[in-house]
Amino acid sequence: MTSYASPILTSLLDTDAYKLHMQQAVYHRYRNISVVAEFRCRGDELLGEYASEIRQQIQMMSQLALTDDEFTYLSGLPFFTQDYLNWLKIFRYNPEHVMVSDRNGHLHVRIEGPWREVIMWEVPLLAVISEVVHRQRSPHVTAQMAVDQLRKNLASFKQQAADIDLRAFRLMDFGTRRRFSGDVQEAIVSTLKNEFPYLVGTSNYDLAHKLQLTPVGTQAHEWFQAHQQISPVLANSQRAALQAWLDEYPDQLGVALTDCITMDAFLRDFGSKFAHAYQGLRHDSGDPFEWGEKAIAHYQSLDIDPMTKTLVFSDNLDLDKALHLYRHFHQRVNLIFGIGTRLTCNIPDVKPLNIVIKLVQCNGKPVAKLSDSPGKTMCQDKAFVQALRKAFDLPLVKKAS
């Protein structure tokens, strides 16, 4: 196997925006909380052979630091406070927090340490894993091949959308975690910026900085998961997470992720106060049409005009799916489509990796994600899953006889 001596990541900002936004909130509110996160390959592929190369890249990540130019860039954005940015300037990845091993061919990754530091590993580490694997499996692939495929997809999109008003169509790049490579993501986003008038931003802070695009992202599942142990009462944990986010960002970054404990349980907690305060909701699992109908009905039940709110669709999307959703909803609610893997790893004969890193513990106790898609549920502690289901009035899972 070829060994790559050069670092895949060259900027601390080569990560998703929601990581920095969450990190600031954790830095201000939960500085002493510790967490454990673990890697999972949902496709159950054997990736253990890449463990050594991944460890090599993790060691090189310790050299990443915010540059003066990047510091100035972040300082000019409305999201960040000076105390956090001063701390981020001295932040360094600590490779000792990450354990990587090959377990009978399966890649095992465990990240353990203070939440304010562990929170930064997920996105760039997934990007590293994806790029290491694709470099070995498809060394012939070039960024131009990805751009050629994108242009075919854009032509198809334009043809399919010929009969509809697209002025309200908005696309965001969410493709960092499972990209083919950093070069491919930059080529794709640059092409979209130049050739697709509906691109409104990217989740990648480095690309937002380089390409003068809007950085986009609010919070991820880990924000809600950690509050399962931060909140004194489990049944109140989702409301506690929603409120803590509002306390940190009272009038910005107001899109709430809905599927950490299913959409139905979320909406029971998302009462009038939260529904008015947050600008919208993000979909990340389950049937998107059903989810959108539930969201619109919920706003209407609270006498809120859905056209004053935004729904962000971001689960396993491609341009075709986004267009179908746009046709269905665009006259009833504001829409944004966050497309990831289908943009940045959409290359003929290349199979994207279905990989995630999720929290499994907070302060030494279990946390869980009870997704609207059963295959996305992630927790090692079955008793805690049952307790979480009971706390949020969800059907208990019957034990196998």
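Residues numbered from 1 in each chain as written. Predicted model: local features only at pLDDT ≥ 70, side-chain atom pairs only at ≥ 80, totals over all residues. Heavy atoms only, no water.

Taking an unreviewed UniProt entry as the reference, the chain is identified by name as Nicotinate phosphoribosyltransferase belonging to Rahnella perminowiae. Turning to the chain, the UniProt annotation filed under Function (unreviewed entry) states: "Catalyzes the synthesis of beta-nicotinate D-ribonucleotide from nicotinate and 5-phospho-D-ribose 1-phosphate at the expense of ATP." Recorded under Sequence similarities (unreviewed entry), the UniProt text for the chain is reproduced unchanged: "Belongs to the NAPRTase family." (UniProt positions renumbered as here; feature names shortened; annotations may be inferred.)

> Go over helix 11 (residues 237-248), please, and point to the residues and values.
With 12 residues, helix 11 extends 17 Å between its outermost C-alpha atoms, agreeing within 8% with the 16 Å of an ideal straight helix rising 1.5 Å per residue. Regarding helix 11, the residues found buried are Ser237, Gln238, Ala241, Leu242, Ala244, Trp245, Leu246 and Glu248. Where helix 11 is buried, its residues meet helix 1 (17-29), helix 10 (221-230), strand 6 (255-257), helix 12 (263-269) and helix 13 (272-277). (Helix = DSSP H or I, 4+ residues; strand = E, 2+ residues; numbered from the N terminus. Expected span 1.5 Å × (residues − 1). Buried < 20%, exposed > 50% of the residue type's maximum accessible area, 1.4 Å probe, protein only. Contact = heavy atoms within 4.5 Å.)

> Got a sec to walk through the packing of aromatic side chains? Specific residues and values, please.
Centre-to-centre distance and the angle between the planes together describe a pair of aromatic rings. Counting across every chain of the model gives 29 aromatic pairs. Ring centres of Tyr27 and Tyr84 lie 6.1 Å apart, and the angle between their planes is 55°; this geometry places the pair in the tilted category. Taken together, the residues Tyr27 in helix 1 and Tyr84 in helix 4 (residues 82-90) connect sequence positions 57 residues apart. A relative accessible area of 0% places Tyr84 in the buried class. An aromatic cluster is present here, built from Tyr27, Tyr73, Phe79, Phe80, Tyr84, Trp87, Phe91, Tyr93, Trp121 and Tyr205 joined pairwise through their rings. Taking NZ or CZ as reference, Arg31 lies 3.9 Å from the ring centre of Tyr27, over its face. (Phe/Tyr/Trp six-rings, centres within 6.5 Å; stacked < 30°, edge-to-face > 60°. Lys NZ or Arg CZ within 6 Å of the ring centre and 35° of its normal.)

> Could you give me a rundown of unusual backbone geometry, with the residues and numbers involved?
Within the chain, Gln212 stands out as a residue other than glycine whose phi angle is a positive 55°. With respect to the helices and strands, the residue Gln212 is situated in the loop between helix 9 (205-211) and helix 10. By relative accessible area, which is 69% here, Gln212 ends up exposed. Residues other than glycine seldom take positive phi values, yet Leu253 does so here, at roughly 50°. Structurally, Leu253 can be placed in the loop between helix 11 and strand 6. For Leu253, a relative accessible area of 10% corresponds to the buried category.

> Tell me about the UniProt feature "domain: Nicotinate phosphoribosyltransferase N-terminal" (unreviewed entry) in the chain, residues and numbers included.
Those places that UniProt annotates as "domain: Nicotinate phosphoribosyltransferase N-terminal" (unreviewed entry) correspond, in this numbering, to residues 13-130. Between the C-alpha atoms that bound residues 13-130 there is a distance of 18 Å. The span itself is 46% helix and 19% strand.

> Go over the pairing of strand 10 (residues 355-362), please, and point to the residues and values.
Across the eight residues of strand 10, seven count as buried, placing the element largely inside the fold. The sheet contact formed by strand 1 (residues 34-41) and strand 10 spans seven bridges and is antiparallel. Its bridge partner lying in strand 10, Phe39 is registered against Ile357. With two bridges connecting them, strand 10 and strand 11 (residues 365-366) associate as antiparallel partners. When the bridges of strand 11 are listed, Gln361 appears paired with Pro366. Following strand 10, the chain reverses through two residues before pairing antiparallel with strand 11; Asn363 in that reversal takes a positive phi of roughly 50°. (Pairing = 2+ DSSP bridges.)

> Account for the nonpolar core, naming residues and giving values.
If you look at the biggest cluster of nonpolar residues, it comprises 136 residues, and the most contacted ones within it are Leu74 and Trp223. Aside from chain neighbours lying at most four places away, what touches Trp223 is Met22, Ala25, Val26, Tyr30, Trp115, Ala241, Ala244 and Trp245. With six residues, the next largest nonpolar core counts Met172, Phe174, Val216 and Val255 among its residues. (Core = buried A, V, L, I, M, F, W, Y, C linked by side-chain atoms within 4.5 Å.)

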